[in-house]
Amino acid sequence: MPKKRLLALVATVGVAIAAAVAAFLPAATAQAATACAPAYVNSTVYTGGMQASYNGHNWTAKWWTQYEAPSTGGSGVWADNGSCGGGTGGGGTGSCSYPNWVAGQWYAVGAIVRYTNGLYYQATHENPGYDPTISTWFWSPYNCGGGGGGGGTTGFVVSEAQFNQMFPSRNGFYTYAGLTDAMKKYPAFATTGSDTVKRQEAAAFLANVSHETGGLVYINEINTANWPHYCDTSQPYGCPAGQSAYHGRGPIQLSWNFNYKAAGDALGVDLLNNPDLVATNSSISWQTGLWYWMTGTGNAGTTSHNAMVNGQGFGTTIRAINSIECNGGNPAQVQSRVNLYNQFVAILGVPAGGNLTC
């Protein structure tokens, strides 16, 4: 065969094969064009409209969020935009993509870094770049297993079996999974200080919520006659969900319209207009309990979290949550809380510490 004819035949066959391949793979070509957004970072604050990639998908935040990895569950803050390619992804294989630790660099609470030993650590207190393996009060190990940026809740010092032992008659609404999901919002909870302190804080929180809910039995405040009394009409935003909509709900019995507003603003959920989310969404319900534990001071002058990690004792948490019981106000109620705390620290195998009453 003449050389020119042979080259022409080869060229014709090549064009035909290329056309066939293109006809078979249009979807794959189009899919590859969707690039991944920057990888999700657990400590980053995301506001409505911001995008991140995670588990091979792009996601868009619907409202303010932090420490809540993208998923179609949880609080519903993330919208799944579909699969993506060509980006850094977001830890779907169980690996982390957090920055290397830098000595002398300032780190806020919740920041996650990769140390020189290849392991990851999360800041439990803000610090000017202290060594994570030496300054353990400022840093806690962070587990990337099951997906980077997941919040590190798999290391909760209370196992599910211990949780069930503490609450044998609990309402099915108050799930262990809901609690550990809520902990992503406040990663310093029960992860600060020594192993004993971590367990003491977990026991203190659970003892107080047990007292407030009758052993995690009640979701809504029992005394319905009080329900209309939690609307402070002097607030400029009023009570848009209704006069009786802001009664006690959830593990800490969140009440009053101004507390629903403050908790919702902190958690990125509109609780002022949708207060019943605290009684219908387990994670959000637990989040409100942790919100008050980590930020509320009452008449104690400090938060319950700080009281436990700084050695002020369980009695200070009672004063922060319901000071009316203290100083002889209701000694039976104080003792009820103390009894539960003693029971729970025994389950967790740690001493109760001092200053148990108020």
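The structure displayed is predicted, hence computed values, not measured ones.

> Help me understand the layout of surface pockets, please; the structure alone is not making it clear to me.
Empty space among the atoms becomes visible once a probe the size of a water molecule is rolled across them. Estimated volume of the largest pocket: approximately 590 Å³. If you trace the largest pocket, you find 25 residues lining it, with Glu-212, Ile-252, Gln-253, Ser-255 and Asn-322 closest to the centre. Those elements that provide at least two residues to the lining of the largest pocket are helix 5 (195–213), helix 10 (314–322) and helix 11 (331–348). The element contributing the most residues to the lining of the largest pocket is helix 5, with three residues. Here the residues of the lining of the largest pocket sort into eight nonpolar, 13 polar and four charged.

> Please explain the confidence of the model for the chain as it appears in this structure.
Regions with low pLDDT should not have their predicted coordinates read in detail. Mean pLDDT for the chain: 81, with 78% of residues reaching 70 or above. Below pLDDT 50 for its whole length, residues 1–33 participates in two contacts with residues either more than four positions away or in separate chains. Low pLDDT, under 50, characterises residues 145–154; the stretch is placed with 30 contacts to residues that sit more than four places away or in other chains.

> Just checking my understanding: could you explain the packing of helix 10 against helix 11 for this structure?
When two helices pack together, their arrangement is given by the angle between the helix axes and the distance between those axes. It is at 11 Å that the axes of helix 10 and helix 11 come closest, and there the two elements cross at 130 degrees. In terms of their interaxial angle, helix 10 and helix 11 are classed as oblique. Like other packed secondary-structure pairs, helix 10 and helix 11 cross with a definite hand, here right-handed. Two secondary-structure elements touch here, helix 10 through Phe-314, Ile-318, Ile-321 and Asn-322 and helix 11 through Val-334, Arg-337, Val-338 and Tyr-341. Tallied by class, the residues present in the contact of helix 10 with helix 11 amount to six nonpolar, one polar and one charged.

> I tried to follow unusual backbone geometry on my own but got confused; where do I start?
Glycine aside, a negative phi is what most residues show, and trans is what most peptide bonds show. Positioned with a positive phi, Leu-216 is a non-glycine residue whose angle comes to about 60 degrees. Secondary-structure assignment places Leu-216 in the loop between helix 5 and helix 6 (257–267). You can call Leu-216 buried: its relative accessible area is 0%. Although it is not a glycine, Asn-327 sits at a positive phi angle of roughly 55 degrees.

Rules used throughout
Residues numbered from 1 in each chain as written. Predicted model: local features only at pLDDT ≥ 70, side-chain atom pairs only at ≥ 80, totals over all residues. Heavy atoms only, no water. 1 Å grid on protein atoms, 1.4 Å probe; cavity = no way out; pocket = protein on both sides within 12 Å on 5 of 7 lines; lining within 4 Å. Points joined across faces, edges and corners; volume = space filled by probe spheres on them. Helix = DSSP H or I, 4+ residues; strand = E, 2+ residues; numbered from the N terminus. Nonpolar A, V, L, I, M, F, W, Y, C, P; charged D, E, K, R; others polar. pLDDT = per-residue confidence, 0-100. Contact = heavy atoms within 4.5 Å. Axes fitted to C-alpha atoms, helices over the stretch in contact; angles between N-to-C directions. Parallel < 35°, antiparallel > 145°, perpendicular 65-115°, else oblique. Left-handed = near helix turned anticlockwise from the far one by under 90°. Buried < 20%, exposed > 50% of the residue type's maximum accessible area, 1.4 Å probe, protein only.

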